[in-house]
Structure formats: C-alpha cells, structure tokens
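Now for the letters of each chain:
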There are 2 protein chains.
Amino acid sequence: MRVGNLPGIRRLPIYLNLLRAMREEGVENASASALADMAGLVASVVRKDLEMTGASGTTGRGFCVGALIADIESFLGWDNPNDAFLVGAGNLGSALLGHRDLRSHGVNFIAAFDTDPAKIGQTIHGVEVLPVEKLVSLGQRMHVRMGLLCVPNEVAQETADRLVDGGITRIWSFAPNILKVPKGVTVQREDLSAGLAELLVKSMGLGT
Amino acid sequence: MRVGNLPGIRRLPIYLNLLRAMREEGVENASASALADMAGLVASVVRKDLEMTGASGTTGRGFCVGALIADIESFLGWDNPNDAFLVGAGNLGSALLGHRDLRSHGVNFIAAFDTDPAKIGQTIHGVEVLPVEKLVSLGQRMHVRMGLLCVPNEVAQETADRLVDGGITRIWSFAPNILKVPKGVTVQREDLSAGLAELLVKSMGLGT
C-alpha cells in the first residue's frame, strides 16, 4: 500500500495551489517553512507531507518550485487526465461539471447521465447528458474509471452498482449513503453534513 | 473545549440519517452494533461517538431511536435554525442554496450576495440575491452568525473580511484558500481537491 498519511494527502492540493501561484509570480524556490507560513501549518508537517511525494529539497534553498509541482501532480495522478462520468445532473451535479478546480486537476468529463427526460440531450458546461441506461455500455467501451455520484440518497446504491457494472473503479460520491461496493472499487464520500457538523461543534467549543 | 473527537463528530450525521430512516419505518430501538453494521463501522466506535452526545442506551435494548435523534441534533445544534448568508451565487453557491440536506439540518438562508449585476435581484431556490455591499449592515442588523463562502479564490479573503465585519462567526468556505480570520471566528474549509486527492491515491494504493 502506498497510502499511509491521508491527512497529508488531503493537504497536498493546498501546497499545489500555493506553488502554482508562486510560479506565476516568477518565484523559483520555496522552503517548507515559507509554505507552512502561507498555509497556517507547522514546517515539520509540510516537510513530511512533501517527502511523501518523493520531492527532495536542498538545505538553505528549499525546493525548486517547478519540480515540486511536478512531483505533487505525479504523486496525485493529476498529470494524467482522468476520464470521468457524472451521474445525476441536478443542481450539485451541474455545478461539479463546471467546477474549474476539477478540470485543472485532470478530471475530464466524458458524459453525464440522468433519468429526467427534460435533462437528457442537454449540454451542461460542454458535457452532454445521456440516459442512464447507456452508462454501462459506454463505460465498458470507453474504459472510463472514475464516476461522480450526485443522485438522491434513495437511488445512490443502485446507481453505484451501475457504475461498477460499467467498469468504474473510483466512485466519488456526493450522496450521504454508505455504499457497498466490491473489492477493488474505491469510494470517496464527500459529506456536506459532516462539514456542517464540524463547523457548528467547533464554533460552540470556542464559546462564542 | 467541548471538541475532542472530530472524526466522530463528522460521523454523527451518518447515524442521524440511519436513525431518521428507522424512525420512518417505525423502528423504536437501535443498538450500536446494528448502526455499526449499516454504516460499515465497528460497534465500539459507534458507541464512543454516541457517548459524546450524552445519549445513553440500555444493555440489551440499545438506544431509543427518537431520543437518540434528539440527542445528536441537540449536540450538533441542528435543533435550532442557523440563519445564514451565502456569498457568491454561482454554480456551486446556487446548488448549495437548494441543497435539501442543509435545510433539513437547520441551515436557514436569509440572503445571498453577489457582485454580478445580472444575478442581483434574482431569487434562487427562494433566496434573494443582494449586492454584496449590503452584507455588513444586514448581517449586523439581523444578527446572522453563519456565512457560506462560494466566491473565486482571488476574492475569498476580502469576502471573508466582509463576513467578519458583518458579525459572522462561523464561515463555511468552499474556496481553496487558507483564510485568515480573527480569534473567535471559526472557519470550516470544504476542499473538493482534497477529496479528489484522497480518492486517487487510495485507488492507486489498491493497485487496480
């Protein structure tokens, strides 16, 4: 297993954003402590996170910005386009189809799927909405590996099953359900409710 | 500080969803191990998470479903409506205004704000879009405490400053930036890029 430090993996995009901004400004070298300052973190944490990607810095000079960007992108697999399906072209699904961060991180939407006849045939942010019945055959034919799940809770499991049948091995789910998938399929669940819970309890803890 | 176990806090909405579904089906009692099975977790973890809320079960019978729902909601502050502003009524902001999970968890959108004249005056999912210049005075007048930040990176910090000036103490940010806020203000950052990073690295670790 290559995975060890999930919090660190989740912090890598923070560094990547900072480094890309530095590159745009013509900055050539970056130290772990400079990155730590900007991100509000401790330098030792940043150093450990960056080590994970195989990047190597020089004492005194720090990291070469361009090389470090390449190392992080390669570690995350963001240097290769990730062909993806999206199922459920509602409010959230449509917003994701147009989200510039996803595109800049290599997510390449091949098609969207829905059951609503009013949506089928539409093009949302340049992506065509197809009937969900076509998902399995198209997934198998095009070897798409990533699927974003933006359907209501009630149909989340059956839609996940359909994605698996279509050969999807990476499901990014925005439904609150806990999905059951076969071995070899990875599910990443984005849970807005969890974020809200964390915000409210943290703020109550501060006593304001 | 009331906070100790953030992963546990983030799991509470999972239990809440399961318990609400049980209540709808007329189920009166729930054991930690039954909840654990449904959520794909270990019973001891569920038990510890639920203890945090002050809920108490009975050996053999488990928890009373209705009381446990009330305990979790009260712990999370979801039994009181949380008046909120949303800034940035773009794709993602509009989707959040219409997100049923937020409404069912007590988020009560008072107004949305934008700088785009084409959006100002519109009503999105029942919420009026106002010019962002009105945010500070309206926040102070209405004692709104929560603000959702859905603006582009470039203006995220200045918008956060504006929310703080308007009396907002809980900022839920969907911008990738690290925000600097005064003491007493809590920021919860939702980072899509972090989720994507986690998904890709986890799936590479599985070797598929």
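On a predicted model such as this, the values are computed, not experimentally measured, just so you know. Per chain, residue numbering runs from 1 following the sequence as it is written. To read the labels, note that chains go from A and ligands from 1, taken in the order they are written. Residues qualify for local features only when their pLDDT is at least 70, as the model is predicted, and side-chain atom pairs are given and counted only at 80 or more; totals for whole chains, interfaces and linings, by contrast, use all residues. Where side-chain values are given, they derive from all heavy atoms of the structure, hydrogens and water being excluded.

**Q** Can you explain the overall build of chain A? Please cite residues and give values.
**A** Helix numbering and strand numbering both begin at the N terminus, where a helix is a DSSP run of H or I of at least 4 residues and a strand a DSSP run of E of at least 2. For chain A, the helix and strand inventory stands at 9 helices and 9 strands. If one aligns the C-alpha atoms of chain A with their principal axes, the spans along those axes are about 60 × 45 × 35 Å. With a 1.4 Å probe rolled over the protein chains alone, any residue whose accessible area is under 20% of its type maximum counts as buried; one over 50% counts as exposed, and the rest are partly exposed. Every one of the 208 residues in chain A was classed for burial, and the buried ones make up 51%. The contact rule is simple, with two residues in contact once any of their heavy atoms fall within 4.5 Å. Within chain A, contacts between residues separated by at least 24 positions form 55% of all contacts whose residues are at least 6 apart in sequence. Only the protein chains shown count as covering a residue, and every accessible area follows the Shrake-Rupley method with a 1.4 Å probe. Counting only carbon and sulfur atoms, one obtains 50% of the accessible surface of chain A, whose full area is about 9200 Å². A gap of 4 Å separates the mean positions of the 20 positive and 22 negative side-chain charges of chain A. When charges are counted, Lys and Arg are positive and Asp and Glu negative, with His and the chain ends excluded. For the purpose of locating charges, the reference atoms are NZ of Lys, CZ of Arg, CG of Asp and CD of Glu.

**Q** Summarise the pairing of strand β9 (residues 186-189) of chain B; cite the residues concerned and give the values.
**A** All names here are of chain B. In β9, alternate side chains face the same way, and those of Thr 186 and Gln 188 are buried while those of Val 187 and Arg 189 on the opposite face are not. Being paired, for any two strands, means DSSP has found at least two bridges between them. Sheet topology note: the strand β8 (residues 170-173)/β9 ladder contains 4 bridges and is parallel. What sits directly across from Arg 170, in β9, is Thr 186.

**Q** Quick rundown of the environment of A:Gly60? Include the residues and the values.
**A** All names here are of chain A. Of note, Gly 60 is situated in the loop between α3 (43-51) and β2 (63-64). Note on Gly 60: relative accessible area 84%, which makes it exposed. For the pair Gly 60 and Ser 31, spaced 29 residues apart in sequence, the C-alpha separation works out to 8.0 Å.

**Q** Which residues make up the packing of helix α9 (residues 192-205) of chain A against helix α1 (residues 6-24) of chain B, and what values go with them?
**A** Following both chains from N to C, one finds α9(A) and α1(B) inclined at 125°, their axes separated by 8 Å at the closest point. The angle between α9(A) and α1(B) places the two elements in the oblique class. Crossing geometry of α9(A) relative to α1(B) is assigned as right-handed. Residues A:Ser193, A:Ala194, A:Gly195, A:Ala197, A:Glu198, A:Val201 and A:Lys202 of α9(A) form the contact with α1(B), whose participating residues are B:Leu6, B:Ile9, B:Arg10 and B:Pro13. Basically, the charged four are Asp, Glu, Lys and Arg, the nonpolar ten are Ala, Val, Leu, Ile, Met, Phe, Trp, Tyr, Cys and Pro, and anything else, Gly included, counts as polar. Its residues assigned to classes, the contact of α9(A) with α1(B) comprises 6 nonpolar, 2 polar and 3 charged. The convention used is that axes are lines fitted to C-alpha atoms, helices contributing only their stretch in contact, and that angles between N-to-C directions extend from 0 to 180 degrees. Angle categories are assigned with fixed cut-offs, so that under 35 degrees is roughly parallel, over 145 is roughly antiparallel, 65 to 115 is roughly perpendicular, and the rest are oblique. Crossing handedness is read from the near helix: turned anticlockwise from the far helix by less than a right angle, it gives a left-handed crossing, and turned clockwise, a right-handed one.

**Q** Outline the interface of chain B and chain A, listing residues and values.
**A** Often, the extent of an interface is quoted as the loss of accessible area on bringing the components together. On the chain A side, the residues contacting the 63 residues of chain B number 63 residues. Buried area counts how much accessible surface, traced with a 1.4 Å probe, disappears from two parts once they are put together, with both parts' losses summed. Where chain B abuts chain A, roughly 5800 Å² becomes buried across the two surfaces, and 67% of that area is made up of carbon and sulfur atoms. For salt bridges, the criterion is a side-chain nitrogen of Lys or Arg within 4 Å of an Asp or Glu carboxyl oxygen. Inspection of the region where chain B meets chain A yields 4 salt bridges. A:Glu154 serves as the salt-bridge partner of B:Arg100, at 3.5 Å between the closest nitrogen and oxygen. For the purposes of these results, a polar contact is taken to be a pair of N or O atoms within 3.5 Å, where, inside protein, one atom must be able to donate a hydrogen and its partner to accept one; residues adjacent in sequence count only when each atom of the pair is a side-chain atom. Applying the counting rule to chain B against chain A returns 12 residue pairs in polar contact (both at pLDDT 80 or more). Contributions of two or more residues to the side of chain B that touches chain A are made by α1, α2 (32-39), α4 (65-76), α5 (91-97), α6 (100-104), β8, β9 and α9 (192-205) of chain B. The dominant element in the side of chain B that touches chain A, judged by the number of residues it contributes, is α9(B), at 14 residues.

**Q** Would you mind going over the layout of surface pockets in detail, with residue names and values included?
**A** Both site types are read off a 1 Å grid over the protein atoms alone. A 1.4 Å probe that fits but cannot get out defines a cavity, while an open set with protein on both sides within 12 Å along at least five of seven lines defines a pocket; lining residues have an atom within 4 Å of a point. Grid points are joined across faces, edges and corners, and a volume is the space filled by probe spheres set on the points. Taken as a whole, the second largest pocket encloses approximately 1300 Å³ of empty space. Every residue lining the second largest pocket is counted, 42 residues in all, and those nearest its centre are A:Pro152, A:Asn153, A:Glu154, A:Pro176 and B:Arg100. Of all elements in the fold, only α5 (91-97), β4 (107-114) and α8 (156-165) of chain A together with α1 and α6 of chain B reach the threshold of two or more residues within the lining of the second largest pocket. Of the residues assigned to the lining of the second largest pocket, the class counts are 19 nonpolar, 12 polar and 11 charged.

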